[in-house]
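Summary of the model geometry
Here's the letter readout for the chains.
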Amino acid sequence: MEFLDLPPLVSACGTVRLPGSKSISNRVLLLSALAEGETEVRDLLASDDTHVMLEALKQLGVGIRHEADGVVRVLGVGGTFPVKTGDICLGNAGTAVRSLTAALALAGGHYKVSGVARMHERPIGDLVNGLREIGADVIYLGNAGFPPLEIRPASIRAGGVVQVRGDVSSQFLTGLLMALPMTGVETTVEVVGELISKPYIEITLAIMARFGVAVTRNGWQSFVVPAGSRYVSPGVVYVEGDASSASYFLALGAIGGGPLRVEGVGRGSIQGDVRFAEALAQMGAVIEMGDNWIEAKAPQGGLKGIDLDCNHIPDAAMTLATTALFANGPTTLRNIASWRVKETDRIAAMARELRKLGALVEEGADFIRVTPVAKLASPAEGIDTYDDHRVAMCFSLAAFGTPLRINDPKCVGKTFPDYFERLATVTLPVPVIAIDGPSASGKGTVAARVAETLGWHYLDSGALYRLTALAARRAGVAWDNEPAVAAIAAKLDVVFSGSSILLAGEEVGEAIRSEEMSSGASKVAALPAVREALLFRQRVFRQAPGLVADGRDMGSVVFPDAGTKVFLTASVEIRADRRYKQLIAKGIEATISPILQDLRERDERDSTRSVAPLQQNADAELLDTSALTIVDAVAQVLGWARKAPQKR
Ligand code: DC
């Protein structure tokens, strides 16, 4: 499975221009398609969900032109779709499935509407019931109440009153309201049950009004689409930034210091999710807002837990669940039953993944309660994302507490394809000094002293390969048995503390330094599966305030974003001499020529292997210690580190 390892974060600030709102983009596309006249859509979200909608509209005969600067020009059909048959596949885009199903049901054609497997588990029965009430001919091709659907031509009897349930998804009401103007007759839609996610209906009504259809509403109970309604292009439409996407950055500012500003939504927004800022303010965050921007800062004394009814911000509320990891006390999010029928069962998914981080989580049919822990765990298996963009984005916040592996990170493409790249532009990771070099170059001594001087953590990555070799030997596994050695590496039961190293509870600090284990380490280190198994384990050493890591591939593979990279070496003769003197000092008998021979062989193996070979990278400083004392070498590394720009 693909994964992304996020470095642990120390702070967040800056400005992010948000991608366009998914909810607005897909509604604008559909209404532009149905309208009379051409619509120039600006700032449209470019993502999987809008791609799906655009492709479907093209398939239905709507003219769509992609122009410079991301402008999309939609040539409205002025009524109904010209193409009368088709299999329309809409991926996992809930907004597209619900709104297009309603429009197609009134379009007088013969269509099939389907999606990915998860889409076929997301309910649509309430919408279909509403459509059948006005004469639409919609058939379930799989399970009753769920896509895929077949839609056949039918005589529509709009007018009068149509009922639709509003307590499972507000998208049913949205779909019906947006389609009804295709009939031209006055129709009243009555909502049965308590309407959830009301702000999304406000978005629907605002966009319909923009396209010339003024729906009147009586509270949240009934809505009247007037007679003679028809969509007319307003010419140019600017899509607001996505308020749900804003939530991740606002939370980052609230956790990581800030100020972090999002541009594209603000006081004037039609999206209900801007009220996420209020929830964050309740947690103590300092929020400022302009017409088209919102800014968040961390409060003095930290965030506090809250107890909140989140029915009005169902999507953004997910962000509160991971923000809760950084609050004092528990946070309870209530009235979120709709989470269970989204891209995944979001209550179950959030609970499971939050628990992996060590948080205490209670969940119920329509609530989740998160009690934070002082120190987050770093699950080696990673955070699973369930093909749900919001799960992936929410959990990125946890990087404030620990290095974090996010599985299947590309699922963010549904609404925010470059989310992780943007995240990197407004956050500072825990700094790393990476020191690579050949065996016995003295890098271990230098690295440990640099770490001690700075008060940072220290990773002797070679020790992990040595431990793997030792553990394999003890388990009777040959060093060239790649899968078996990798399995041992993945499960190494090791505790580092100061100079002591415990393997399965036994002190092995000395045992792994033997010449035999040096040779074994070099052999197991050449196995790609072993390197893979040790990758995240090494990254977990990156903890505040900083890490000094030594090895062969610290700067190239394990910490490619390290702010300081050093290639520390010395001639092979000098290294052999140093190793010889070390052994003699320990009272171990030694002669120089086999040491020299062995070092040459290990150099050769380490630098010619196919994965992560030892080499000086272009961005690493060369430090040849042949003629340097340890004190000089340490001073040089510290000098480079002081000058290193803080990486953004
Ligand atoms: O640095 P050392 O001598 O303790 O390393 C032991 C072996 O492990 C060495 O032969 C190279 C290998 N190694 C590696 O391949 N990658 C690292 N990051 C560290 C060590």
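Our structure is the block above this text.
Predicted, not measured: the structure shown is a model, and the values here were computed from it. Throughout, residues of each chain are indexed from 1 in the direction in which the sequence is written. Totals for whole chains, interfaces and linings use all residues, but because this is a predicted model, local features are given only for residues with pLDDT of at least 70 and pairs of side-chain atoms are given and counted only at 80 or more. Only hydrogens and water are set aside when side-chain values are computed; all heavy atoms of the structure are taken into account.

Two strands are said to pair when DSSP picks up at least two bridges between them. Segments assigned H or I by DSSP are reported as helices when at least four residues long, segments assigned E as strands when at least two residues long, and all are numbered from the N terminus. Ordered by their spatial adjacency, 3 strands build an open sheet running β28-β29-β30, and the pairing between neighbours is antiparallel. Each of the sheet's edge strands pairs with one partner strand only, and the pair in question is β28 (494-497) and β30 (506-507). When strand β29 (residues 500-503) meets β30, the two strands line up antiparallel, connected through 2 bridges. The residue bridging Leu502 from the neighbouring strand is Glu507, located in β30. Contact between two residues is taken to exist if any of their heavy atoms lie within 4.5 Å; hydrogens are not considered. Only the stretch in contact is used when a helix axis is fitted, and all axes are lines through C-alpha atoms; the angle between N-to-C directions ranges over 0 to 180 degrees. Each of β28, β29 and β30 is contacted by helix α14 (residues 461-474), which is oriented at about 35° to β29, the strand it contacts most.

A separate point is the site of the ligand. Any residue with a heavy atom positioned within 4 Å of a molecule or strand is treated as near that molecule or strand. Of all residues adjacent to the ligand, which total 17 residues, the nearest are Ser461, Arg466, Arg531, Asp553 and Arg609. Distance and chemistry together define a polar contact, namely a pair of N or O atoms within 3.5 Å, with one atom able to donate a hydrogen and the other to accept it when in protein, and with adjacent residues in sequence counting only for side-chain atoms on both sides. Residue Arg552 places a side-chain N or O atom 3.0 Å away from an oxygen atom belonging to the ligand. The separation between a nitrogen atom of the ligand and a polar side-chain atom of Asp553 is 2.9 Å. Contributions of two or more residues to the shell around the ligand are made by α14, α16 (515-524) and α20 (592-608). In terms of residues, the shell around the ligand owes the most to one element, α14, which gives 4 residues. All amino acids are sorted into three groups, where Ala, Val, Leu, Ile, Met, Phe, Trp, Tyr, Cys and Pro are nonpolar, Asp, Glu, Lys and Arg are charged, and the leftover types, Gly among them, are polar. Tallied by class, residues from the shell around the ligand come to 4 nonpolar, 5 polar and 8 charged.

To continue, consider helix α10 (residues 346-356). Counting buried residues in α10 gives 9 out of 11 residues, a clear majority hidden from the surface. Partly exposed describes any residue whose relative accessible area lies between the buried limit of under 20% and the exposed limit of over 50%, with all areas from a 1.4 Å probe on protein chains only and scaled to the type maximum. Within α10 the residues assigned to the buried category are Arg346, Ile347, Ala348, Ala349, Met350, Ala351, Glu353, Leu354 and Lys356. Each element contacted by the buried residues of α10 is listed here: α9 (317-323), β22 (360-363), β23 (367-371) and α11 (389-396). Of the residues flanking the start of α10, the one acting as N-cap is Asp345, its side-chain oxygen 3.2 Å from the backbone nitrogen of Ile347. Looking one or two residues past α10, Gly358 carries a phi angle of roughly 100°, positive in sign.

All right, on to the sheet that holds strand β10 (residues 160-165) then. In space, the 4 strands of this open sheet follow the order β10-β11-β13-β12, with mixed pairing throughout. In the strand order of this sheet, the two ends are held by β10 and β12 (216-218), each with one partner. Ignoring strand direction, the axes of neighbouring strands in this sheet form an average angle of 20°. Pairing of strand β11 (residues 187-192) with strand β13 (residues 222-225), which is carried by 4 bridges, proceeds in the antiparallel orientation. Along β13, the bridge assignment pairs Thr188 with Val224. The strands that helix α5 (residues 171-179) touches are β10, β11 and β13; relative to β10, the one it contacts most, it runs at about 155°.

This part covers the pattern of salt bridges. Pairs may arise between side chains of opposite charge once their charged atoms sit close together. A pairing counts as a salt bridge when a side-chain nitrogen of Lys or Arg comes within 4 Å of a carboxyl oxygen of Asp or Glu. Under the counting rule described, the total for this entry stands at 49 salt bridges. As a salt-bridge pair, Arg230 and Glu36 come within 2.4 Å of each other at their nearest N and O atoms. Taken together, the residues span a long stretch of sequence, with Arg230 in the loop between β13 and β14 (236-238) and Glu36 in the loop between α1 (22-34) and β3 (38-42) at a distance of 194 residues. Taking the relative accessible area as the measure of exposure, Glu36 reaches 34% and is therefore partly exposed. Residue Lys198 pairs with Glu194 through a salt bridge whose shortest N-O separation is 3.1 Å.

Secondary-structure assignment places Thr332 in strand β21 (residues 331-334). Contact partners of Thr332, with chain neighbours within four places excluded, come to Ile306, Asp307, Leu308, Phe367, Ile368 and Arg369.

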